[in-house]
Amino acid sequence: MRRTTLSVVFSFVMLSAFAMAADDAPTPEQLKQFETEKNWTELLKGTTRVLALKGPAAEVYDRVQVWSQKAEAQLQSKLFSPASESFEKASKEKGVTPELADHAFAMSLVMLKTDARGFHMPPTKANPSPAMIDVTNTENRTEAIKLLFEADYADVVRDLNNAKKKPVFNDLIKVVRDANKLPPLERAATKSEDKSKQVVTDASSLMADTINKWAEDSTKQVEVIRTTANEVVRSPGKPRTDGKPVPDVMRKRGLTGKDRADLTEIAKECERVADGYKRFVEQSGEPKGELANIPKRVESLYDDANKALKADYSSVYK
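Notes on the structure in this doc start here. No experiment lies behind these values; they were computed from the predicted model shown.

Looking at the pairing of strand E4 (residues 249–252)
So, step 1. Sheet topology places strand E3 (residues 232–235) next to E4; four bridges connect them, and they run antiparallel. Following the sheet pairing, arginine 234 is matched in E4 by methionine 250.
So, step 2. Sheet analysis places E4 next to strand E5 (residues 316–317), joined by two bridges and oriented antiparallel. If you follow arginine 251 over to E5, its bridge partner there is valine 316.

This is the structure in structure tokens:
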């Protein structure tokens, strides 16, 4: 009886706390009023409360709008790193429109290059004193996004050209990941993705071609090792204790020390490629086209290398 009473009391307390939390949160209309009045302190506190709500109490809010309002309050309060996170959350929230997703994602990157002086690109030899752009003014944000896109596009093209000269898997992952950030930036800046789309295609093709070439060469190497190890060769028989002549026997050649080292290295490289590919997918999303076939190709090579490494070559034939 006592347990039942305590359970009821506990449930009542929890429901009461939930109701108080929901009542304490500002309404969508109040959030809009804070934004209109530029009351960034109250807007930041209010959006934080709203985003913590669960269940029916949270359903009356448009979370895309609330994340955007929180990002705006943080930006105006000079909290640029938190603003970057909030803009990114808005870009990924369920129900976000493509146009708003592009803008919010672009702003999340703009925030990473913004400080109390404003948005600015890192100094270079060509531009030692980059212009400062006041992104607290919404009218300046498209200009900042455009400058960011042009700089990032130039960096990706440079890295892609370097990778073409000497393709290295980890370098290619970075190039493709950085290239995949360009389309939403370009769309947010110019309503187009022509330049970035071509770079994404070129980078993805180079990465796929590089991995496929390595997998093809490694598959041939495994096959040569396996074929050679299974060759039947004449070998001296086991010495006899009675001193009589020992007839030769036929046995499989087996693996040499170098064969084992080569097969082990191929299997380890498969694991490294698989791990890098997994991290790439986590950061850039599921790829399409030739890149989508990479896991199956690498897994098949890994299995072949291990089978050749663990096979039994001890058979003896008379």
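A closer look at helix H11 (residues 257–284)
So, step 1. Across its 28 residues, H11 extends 40 Å between first and last C-alpha, which sits within 8% of the 40 Å expected from 1.5 Å per residue.
So, step 2. Contacts made by the buried residues of H11 are with helix H8 (169–180), helix H10 (194–229) and helix H12 (294–310).

Details of the layout of surface pockets
One simple way to see leftover space: roll a probe sized like a water molecule over the atoms.
So, step 1. In this model, the largest pocket occupies a volume close to 940 Å³.
So, step 2. What lines the largest pocket is a set of 31 residues, and nearest its centre among them are Asn180, Lys181, Pro184, Gln283 and Ser284.
So, step 3. If you list the elements that add at least two residues to the lining of the largest pocket, you get helix H5 (80–92), helix H6 (98–111), H8, helix H9 (182–190), H10 and H11.
So, step 4. Tallied by class, the residues present in the lining of the largest pocket amount to eleven nonpolar, ten polar and ten charged.
So, step 5. By volume, the second largest pocket is sized at about 560 Å³.
So, step 6. Surrounding the second largest pocket, 23 residues form its lining, Lys113, Met121, Ala151, Asp152 and Asp155 being those nearest its centre.

The rules behind the values
- Residues numbered from 1 in each chain as written.
- Predicted model: local features only at pLDDT ≥ 70, side-chain atom pairs only at ≥ 80, totals over all residues.
- Heavy atoms only, no water.
- Pairing = 2+ DSSP bridges.
- Helix = DSSP H or I, 4+ residues; strand = E, 2+ residues; numbered from the N terminus.
- Expected span 1.5 Å × (residues − 1).
- Contact = heavy atoms within 4.5 Å.
- 1 Å grid on protein atoms, 1.4 Å probe; cavity = no way out; pocket = protein on both sides within 12 Å on 5 of 7 lines; lining within 4 Å.
- Points joined across faces, edges and corners; volume = space filled by probe spheres on them.
- Nonpolar A, V, L, I, M, F, W, Y, C, P; charged D, E, K, R; others polar.

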